[in-house]
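The residues making up each chain are set out below.
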Amino acid sequence: MPVLVKPTSDASRLNLLNSSLNASKTEVKSGNPYLSETTLSQISSVSEEFDSKIKDETGMLAERSKEVREKNEAIVALEVTIRDLWEVIKRRVYRKNEPAEVLNYYQLPLDGTVPKVITEKEIFTLAGKIIEGDKKAITAGYAAAVCPSATELNDVLIAAKKEADEVAQADRNYNQTQKALAPIRSKADELITDIIDELEYNLRKLDPSHKRRIMRSYGVTYRYAAGESEEEATTGATETKQ
C-alpha cells in the first residue's frame, strides 16, 4: 500500500507549498476548493518568506564555497613559497659551505630534511618563524634569503591570512542565514501537516487512488513497495506521480 511521505528537504518543502498554491487556483475557479482561504493565505505568506530565506542561505553557501576555494589556493601558494625558500637556502648553505646551524634559522633541522607534510594549522606559525629567522640570520652575519625573500614570503603570508579570515567571516554569515531559516522551516512543516490533513479530510469520500492523484497535484508524494504498481490509471485523470 502506498505510504504518504512528508518532504524532508527545503526544496521539497517549497515545492509542496507552491504546488498546493497552484493546484488550489484551479480548484477555486472550478468552485470546488480542497483547501480553505485561511490555509491558502498562510501558504502564500509562508512560501514567499521560505523561498527568500532559502535563497539567502544558498547565496551565503556559494559565497562560503568561494572563500574556501580562495583560501585553499592561498595556502598552497604559501606552502610553495616556503618550500622554494628552503630549497634555495639549502643550496646556498651547501654552495658556500656555511655551517648547518644556518638551516635552524629557517625552521629546518641540521640535516636539511624538509617536512613532507605541512598542515594548515601550523603553516601560518611556521611562515612567521621563518621570516623572523631570516632577520636573526642577517643579524648573525649571514646573507638574507632570496628568490623568494622573507619579504616575499611575508606578502604571501599576509594574503593567506586575509583569505583565512574571510572564510571565518563567511562561516559566520552562513550560520546566521541557517539560524534565520530554521524558524520558517518549522513553520513550513506545520503548514504542510495542515495541508495534508485538510486534503485528507476533504478527499475522504473519494476512492484511494483518485485521492492520491489529486494529492500528488498538490505536491504530496508517496512511497511504493517493491513491485507495487505506482498507480492504476483512471479515465480522465490528468495528474501524474511526481
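Note that this is a predicted model, so its numbers are computed, not measured. (Residues numbered from 1 in each chain as written. Predicted model: local features only at pLDDT ≥ 70, side-chain atom pairs only at ≥ 80, totals over all residues. Heavy atoms only, no water.)

> Whenever I open this one, the overall build of the chain confuses me. Can you help?
Looking only at helices and strands, one finds six helices and two strands in the chain. For the chain, the N- to C-terminal ordering of α and β elements is β-α-α-α-α-α-α-β. The principal-axis extent of the C-alpha atoms belonging to the chain is close to 95 × 40 × 20 Å. Taking all 242 residues of the chain together, the buried fraction comes to 36%. Contacts in the chain between residues far apart in sequence, at least 24 positions, make up 71% of those at least 6 positions apart. For the chain, the exposed surface amounts to about 14100 Å²; the carbon and sulfur share of it is 53%. The distance from the centre of the 35 positive side-chain charges to the centre of the 40 negative ones in the chain is 2 Å. (Helix = DSSP H or I, 4+ residues; strand = E, 2+ residues; numbered from the N terminus. Buried < 20%, exposed > 50% of the residue type's maximum accessible area, 1.4 Å probe, protein only. Contact = heavy atoms within 4.5 Å. Areas by Shrake-Rupley, 256 points an atom, 1.4 Å probe, with all protein chains shown as cover. Lys, Arg positive; Asp, Glu negative; His and termini not counted. Charge placed at Lys NZ, Arg CZ, Asp CG, Glu CD.)

> Teacher, can you tell me more about unusual backbone geometry here?
Most peptide bonds take the trans form, and the phi angle of most residues other than glycine is negative. Of the consecutive residues Cys-147 and Pro-148, the connecting peptide bond is found in the cis state with omega at 5°. The phi dihedral of Asn-97 is positive, around 55°, even though this residue is not glycine. Tracing the sequence through the fold places Asn-97 in the loop between helix H2 (37-95) and helix H3 (102-105). With a phi close to 50°, Cys-147 is a non-glycine residue in the positive phi region. Judged by its relative accessible area of 63%, Cys-147 falls in the exposed class.

> Is there a simple way to explain the confidence of the model for the chain in this structure?
Note: predicted coordinates in regions of low pLDDT should not be interpreted at a detailed level. Per-residue confidence for the chain gives a mean pLDDT of 92; residues scoring 70 or more make up 94%. In the model, residues 232-242 has pLDDT below 50 throughout and makes 20 contacts with residues more than four positions away in sequence or in other chains. (pLDDT = per-residue confidence, 0-100.)

> Whenever I open this one, the pattern of salt bridges confuses me. Can you help?
Note that side chains of opposite charge can pair when their charged atoms are close. Going through the model one piece at a time under the given rule, you end up with 15 salt bridges. The partner of Arg-13 in a salt bridge is Asp-10, with the nearest N and O atoms 3.1 Å apart. In this pair, Arg-13 and Asp-10 are both assigned in helix H1 (residues 10-30), three residues apart and thus about one turn of the helix distant. Of the two residues, Arg-13 and Asp-10, neither departs from the other in class, the shared state being buried. (Salt bridge = Lys/Arg side-chain N within 4 Å of Asp/Glu carboxyl O.)

> Looking at this structure, how should I read the environment of Ile-43?
For Ile-43, the position within the fold is in helix H2. Given the relative accessible area of 0%, Ile-43 is considered buried. Expressed as a C-alpha distance, the spacing of Ile-43 and Ala-74, which sit 31 residues apart in the sequence, is 46 Å. Those residues within four positions of Ile-43 in sequence are excluded, and the remaining contacts are Leu-17, Ser-20, Leu-21, Leu-35, Leu-191 and Ile-195.

> What is the right way to look at the nonpolar core in this model?
A general trend in soluble globular proteins is that nonpolar side chains are found buried together. Counting 27 residues, the largest nonpolar core has Leu-17, Ile-43, Phe-50, Ile-195 and Leu-199 as the members making the most contacts within it. If you list the elements that add at least two residues to this core, you get H1, H2, helix H5 (150-202) and helix H6 (208-217). Here the element with the most residues in this core is H5; it accounts for eight residues. When sequence neighbours within four positions are dropped, the list of residues in contact with Leu-17 reads Ile-43, Val-46, Ser-47, Phe-50, Ala-188, Leu-191, Ile-192 and Ile-195. In terms of nonpolar packing, the next biggest core, distinct from the first, is built from 25 residues, Ala-74, Ile-123, Ile-130 and Leu-157 among them. (Core = buried A, V, L, I, M, F, W, Y, C linked by side-chain atoms within 4.5 Å.)

> Even after reading the chapter, I still don't get the packing of helix H4 (residues 120-139) against H5, so can you show me in this structure?
Relative orientation and spacing of two packed helices are given, respectively, by the angle between their axes and the distance between those axes. One can describe the packing of H4 onto H5 by two numbers: an axis separation of 10 Å at closest approach and a directional angle of 155°. One way to sum up the angle between H4 and H5 is to call them roughly antiparallel. In this structure, H4 crosses over H5, and the sense of that crossing is left-handed. Contacts from Phe-124, Ala-127, Gly-128, Ile-130, Ile-131 and Asp-134 of H4 reach H5 at Ala-150, Leu-153, Asn-154, Leu-157, Ala-160, Lys-161 and Ala-164. Tallied by class, the residues present in the contact of H4 with H5 amount to nine nonpolar, two polar and two charged. (Axes fitted to C-alpha atoms, helices over the stretch in contact; angles between N-to-C directions. Parallel < 35°, antiparallel > 145°, perpendicular 65-115°, else oblique. Left-handed = near helix turned anticlockwise from the far one by under 90°. Nonpolar A, V, L, I, M, F, W, Y, C, P; charged D, E, K, R; others polar.)

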